[in-house]
Amino acid sequence: MRRGRAIVCATVLEILGEPLVLLVTVASVAIAALAPAMHYHQFGDPSRMARDAGLSALLLGGAATAFSGTVRTFRREMETGTAQAALAHSVSRTAFFLWKFAGCAVSYSLFAAIMSLVSLIVVRGAEIGGAIAAEKGDVARLWGPSLAFAVAVAVVPLVASAALNRFARFRFVLVANVISLVVAAIGAMYDFDPALAGRLVPAFMLAASPALVIVAAAAAFAVRFKANAASSLVAIVAACMLPLLGNYCLSDALADGGRVPWMYIVAALAALLPAIVAPLAVGVAFINGQDVQ
Amino acid sequence: MNDDAVIALTGVKKTFRDFWLRPTVNAVDGLDLTVRRGEVFGLLGPNGSGKSTTIKMILGLLAPTSGNVSLFGMSPRSVASRAKLGYLPELSYLHPFLTARETIMYYAGLCGLERSVAKTRTRELLEMVKMQDVSNRAVGGFSKGMARRVALASALVGKPELLVLDEPTSGLDPVSTKEVKTLVKALARNGMTVLITSHLLADAEDICDRVMILNHGKSVAEGRVSDLGESLEDFFLAKVGDVDDFVLADFLS
């Protein structure tokens, strides 16, 4: 377990330290927070635009984070020799591969958590704002709070992290990611609506979980092939997953106070499990069957 | 196998192959090697002689094409055989985003050490390699010599019984080189078995009990340094230097 913790921690530190991951996170947060501020009051269902923007940013940003983070960390291990140094210790190749996959999955989960919390806040704001707009007809006043929150959740982590880096030598990118999560969590806890969370979180889980297949496939191919070849193979896997986008369309079920049934979610996640296990099995076979140079 | 043998290679061959499985190079060709408990064994040879390939087979990173490799009486692919092993690679393979302290803690974790023990040992090792003042800096910004010191500390963090050092003094200044040699001697006095490769024959002469000279993947000489009767450098050049001289003379003419 200690060996696993060491590998997971190092992997999380590496992926969350990637500037690209921070860029995707900030961009996704900004999209989720800003897009509904422009339109959410114009569609009858006041929070629809907020939900759709959040889910889209989670889906696309998540796929980018899962794909690039996993391929880069595995290739770097294999090409710079750090995998060699680790495998010379009492760690089996299978354990090394699976713990590293777990580190990638944890990093992706952090992104998914940030996006889910941000979407919760934005949807909540849209619902309250929509009600006020319907009553008073003062649409323009609704933009203010949404824009303020979008700026806060996108900019505060960068500024705070820059200050911590300047005065206390904290890691800029890593700390910015963590502060994003904290700011989003604080925002979501403020005026928390359990019923809304109960409706939205299952939908976020459905939208977020297919990216774990991308993480598993990227891990398997990156351990065996160079970055370009691995990326091409992962793209093929991602294309095969297009039918899973049906999960995303289920967000329509959330309209007008609706919810996705828990039994459907359990069944969908269970169906996803073989799609995660199969590439992991391939990855284990790859890492055990090759020379590590 | 000798009970005292920590490492034993019997008739080991390693042939690298291309994508179509055609043989490209015989890196190691029928090597027999035994390293006994408590000795400092030097694996010497010119570039491309098969030293690093041999070490990687001992560590279980490369599978031999034929022959048998044994580490502590077990297959090097078994996790148990590597539990008492410390390894310093030829290039200091370190995660550039980790600090010196985190790097040693990472390897302590891979050795399965408890957190409190790992912290204590990390502090001691940072002092030993004189890196305590920069322990919170990321190793990606270190010079080659500093990275080498961190890598050496990482190799020692699990208090191994066998230490495998691939070119340990590469990139170190003369003072640090002397410190590493003194350290290896001290570790050997405390009963640690050390397998070392080096291009610096004077270093090997100073610290090794026995040496093997490899050329083109084959052992061309093996014996105790004290039994050579001449300097290791002369002995080495007599065994492998003539071919290079011939090629160079040919080129110059």
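Each value, and the rule that gives it
Residues numbered from 1 in each chain as written. Chains lettered and ligands numbered in written order. Predicted model: local features only at pLDDT ≥ 70, side-chain atom pairs only at ≥ 80, totals over all residues. Heavy atoms only, no water. Helix = DSSP H or I, 4+ residues; strand = E, 2+ residues; numbered from the N terminus. Buried < 20%, exposed > 50% of the residue type's maximum accessible area, 1.4 Å probe, protein only. Contact = heavy atoms within 4.5 Å. Areas by Shrake-Rupley, 256 points an atom, 1.4 Å probe, with all protein chains shown as cover. Lys, Arg positive; Asp, Glu negative; His and termini not counted. Charge placed at Lys NZ, Arg CZ, Asp CG, Glu CD. Core = buried A, V, L, I, M, F, W, Y, C linked by side-chain atoms within 4.5 Å. Domains from an automatic or database assignment. Phe/Tyr/Trp six-rings, centres within 6.5 Å; stacked < 30°, edge-to-face > 60°. Lys NZ or Arg CZ within 6 Å of the ring centre and 35° of its normal. Axes fitted to C-alpha atoms, helices over the stretch in contact; angles between N-to-C directions. Parallel < 35°, antiparallel > 145°, perpendicular 65-115°, else oblique. Left-handed = near helix turned anticlockwise from the far one by under 90°. Nonpolar A, V, L, I, M, F, W, Y, C, P; charged D, E, K, R; others polar. Pairing = 2+ DSSP bridges. Polar contact = N/O pair within 3.5 Å; in protein donor to acceptor, adjacent residues only side chain to side chain. pLDDT = per-residue confidence, 0-100. Buried area = accessible area lost by both parts, 1.4 Å probe. Salt bridge = Lys/Arg side-chain N within 4 Å of Asp/Glu carboxyl O.

1. Here's the deal with the overall build of chain B
Moving on, step 1. In terms of regular secondary structure, chain B is built from 7 helices and 9 strands.
Moving on, step 2. The buried share of chain B, reckoned over its 253 residues, is 52%.
Moving on, step 3. Across chain B, every contact between residues at least 6 apart in sequence was considered, and the portion connecting residues at least 24 apart equals 68%.
Moving on, step 4. With an accessible surface of roughly 11,700 Å², chain B has 52% of that area assigned to carbon and sulfur atoms.
Moving on, step 5. In chain B, the 30 positive side-chain charges and the 30 negative ones have mean positions that sit 8 Å from each other.

2. Quick word on the overall build of chain A
Moving on, step 1. Scanning chain A from N- to C-terminus turns up 12 helices and 0 strands.
Moving on, step 2. Going residue by residue from the N terminus, the α and β elements of chain A occur as α-α-α-α-α-α-α-α-α-α-α-α.
Moving on, step 3. Pairs at least 24 apart in sequence give 83% of the contacts found in chain A among residues at least 6 apart.
Moving on, step 4. Surface accessibility of chain A: about 12,400 Å² in total, with carbon and sulfur atoms responsible for 72%.

3. Considerations on the nonpolar core
For soluble globular proteins, the rule of thumb is that nonpolar side chains tend to be buried together.
Moving on, step 1. Counting residues in hydrophobic clusters, the biggest one holds 160 residues, and the most contacted among them are Phe-96 and Val-118 of chain A together with Ile-7, Tyr-106 and Leu-195 of chain B.
Moving on, step 2. With 17 residues, helix α5 (residues 93–136) of chain A is the largest single contributor of residues to this core.
Moving on, step 3. The two domains that each donate at least three residues to this core are domain 1 (1–84 + 162–242) and domain 2 (91–159) of chain B.
Moving on, step 4. Apart from the residues within four sequence positions on either side, Leu-195 of chain B is in contact with Ile-7, Val-35, Phe-41, Leu-43, Ile-55, Ile-58, Leu-162, Leu-163, Val-164 and Leu-165 of chain B.

4. Quick word on the packing of aromatic side chains
Residue and element names in this part refer to chain A.
Moving on, step 1. Under the definition given, this model contains 4 aromatic pairs over all chains.
Moving on, step 2. Centre to centre, the rings of Phe-225 and Phe-286 are 5.7 Å apart; their planes meet at 85 degrees, and the pair counts as edge-to-face. Here Phe-225, found in the loop between α9 (210–222) and α10 (227–240), pairs with Phe-286, found in helix α12 (residues 262–289); they are 61 residues apart in sequence, far enough to count as distant.
Moving on, step 3. Residue Phe-286 is classed as partly exposed on the basis of its relative accessible area of 22%.
Moving on, step 4. The residue whose ring lies beneath Lys-100 is Phe-74, and the NZ or CZ to ring-centre distance is 5.9 Å.

5. As for the packing of helix α3 (residues 48–80) of chain A against α9 of chain A
All names here are of chain A.
Moving on, step 1. As a packed pair, α3 and α9 sit with axes 8 Å apart at the nearest point and diverge in direction by 20 degrees. Between α3 and α9, the angle is such that the two are roughly parallel. As α3 runs across α9, the sense of the crossing is right-handed. Contacts between α3 and α9 involve Gly-62, Ala-63, Ala-66, Phe-67, Thr-70, Val-71, Phe-74, Arg-75 and Met-78 from the former and Ala-211, Ile-214, Val-215, Ala-218, Ala-219 and Ala-222 from the latter.
Moving on, step 2. Partitioning the contact of α3 with α9 into residue classes produces 12 nonpolar, 2 polar and 1 charged.

6. Here we look at the sheet that holds strand β2 (residues 23–36) of chain B
Residue and element names in this part refer to chain B.
Moving on, step 1. What the 3 strands build is an open sheet, ordered β2-β1-β4; its pairing is antiparallel. Every interior strand has two partners, whereas the edge strands, β2 and β4 (66–71), have only one. On average, each strand axis in the sheet is tilted by 20 degrees relative to the strand beside it, whichever way the strands run.

7. Things to note about the pairing of strand β3 (residues 40–44) of chain B
All names here are of chain B.
Moving on, step 1. The element β3 is largely enclosed, with a buried count of 5 among its 5 residues.
Moving on, step 2. Because side chains alternate across β3, one face comprises the buried residues Val-40, Gly-42 and Leu-44, and the other comprises Phe-41 and Leu-43, equally buried.
Moving on, step 3. When β3 meets strand β7 (residues 193–197), the two strands line up parallel, connected through 4 bridges. Across the sheet, the residue bridging to Phe-41 is Leu-195, located in β7.
Moving on, step 4. Direction of pairing for β3 relative to strand β8 (residues 210–215): parallel, over a ladder of 4 bridges. Bridged to Phe-41 within β8 is Arg-210.

8. Remarks on the environment of Thr-80 of chain A
All names here are of chain A.
Moving on, step 1. With respect to the helices and strands, the residue Thr-80 is situated in helix α3.
Moving on, step 2. Judged by its relative accessible area of 37%, Thr-80 falls in the partly exposed class.
Moving on, step 3. A C-alpha to C-alpha distance of 9.4 Å links Thr-80 and Gln-293, two positions 213 residues apart in sequence.
Moving on, step 4. Of note is the side chain of Thr-80, whose polar atom sits 2.6 Å from the backbone oxygen of Arg-76.
Moving on, step 5. Polar side-chain contacts of Thr-80 include one of 3.5 Å to the side chain of Thr-82.

9. Quick look at the confidence of the model for chain B
Residues and elements named next belong to chain B.
Moving on, step 1. On average, chain B scores 84 in pLDDT, and the residues at 70 or more come to 91%.
Moving on, step 2. The spread of mean pLDDT over the elements of chain B runs between helix α7 (residues 232–252), the lowest at 61, and helix α2 (residues 100–110), the highest at 92.
Moving on, step 3. Listed scores for the predicted complex are pTM 0.87 and ipTM 0.85.

10. Brief notes about the side chain of Gln-290 of chain A
Moving on, step 1. Note that Gln-290 of chain A resides in the segment after α12.
Moving on, step 2. Among the polar contacts listed, one links the side chain of Gln-290 of chain A to the backbone oxygen of Val-223 of chain A, at a separation of 2.9 Å.
Moving on, step 3. Apart from the residues within four sequence positions on either side, Gln-290 of chain A is in contact with Met-78, Arg-93, Val-223 and Arg-224 of chain A together with Leu-61 of chain B.

11. What to know about the interface of chain A and chain B
Many structure descriptions define interface size as the accessible area lost when the parts assemble.
Moving on, step 1. Of the residues lining the interface, 28 residues belong to chain A; the matching set on chain B comes to 31 residues.
Moving on, step 2. Taking both sides of the interface into account, the surface hidden between chain A and chain B amounts to around 2,800 Å²; carbon and sulfur atoms contribute 57%.
Moving on, step 3. Residue Glu-102 of chain B pairs with Arg-171 of chain A through a salt bridge whose shortest N-O separation is 2.3 Å.
Moving on, step 4. Between chain A and chain B we count 15 residue pairs in polar contact (both at pLDDT 80 or more) in total.

12. Describing the domain arrangement of chain B
Residue and element names in this part refer to chain B.
Moving on, step 1. Domain annotation of chain B identifies domain 1 (1–84 + 162–242) and domain 2 (91–159).
Moving on, step 2. Of note, the centres of domain 1 and domain 2, computed from C-alpha atoms alone, are 24 Å apart.
Moving on, step 3. Of the roughly 900 Å² buried where domain 1 meets domain 2, counting both sides, 61% is carbon and sulfur surface.
Moving on, step 4. Seen at the junction of domain 1 and domain 2, the total is 2 salt bridges.
Moving on, step 5. Between Arg-149 and Glu-179 there is a salt bridge whose closest N-O contact spans 3.8 Å.
Moving on, step 6. Remark: the boundary between domain 1 and domain 2 carries 4 residue pairs in polar contact (both at pLDDT 80 or more).
Moving on, step 7. Listed by contribution, the elements that provide at least two residues to the side of domain 1 that touches domain 2 are β6 (162–166) and α5 (174–189).
Moving on, step 8. Counting residues per element, the side of domain 1 that touches domain 2 draws most heavily on α5, at 5 residues.
Moving on, step 9. Of the residues assigned to the side of domain 1 that touches domain 2, the class counts are 8 nonpolar, 3 polar and 3 charged.

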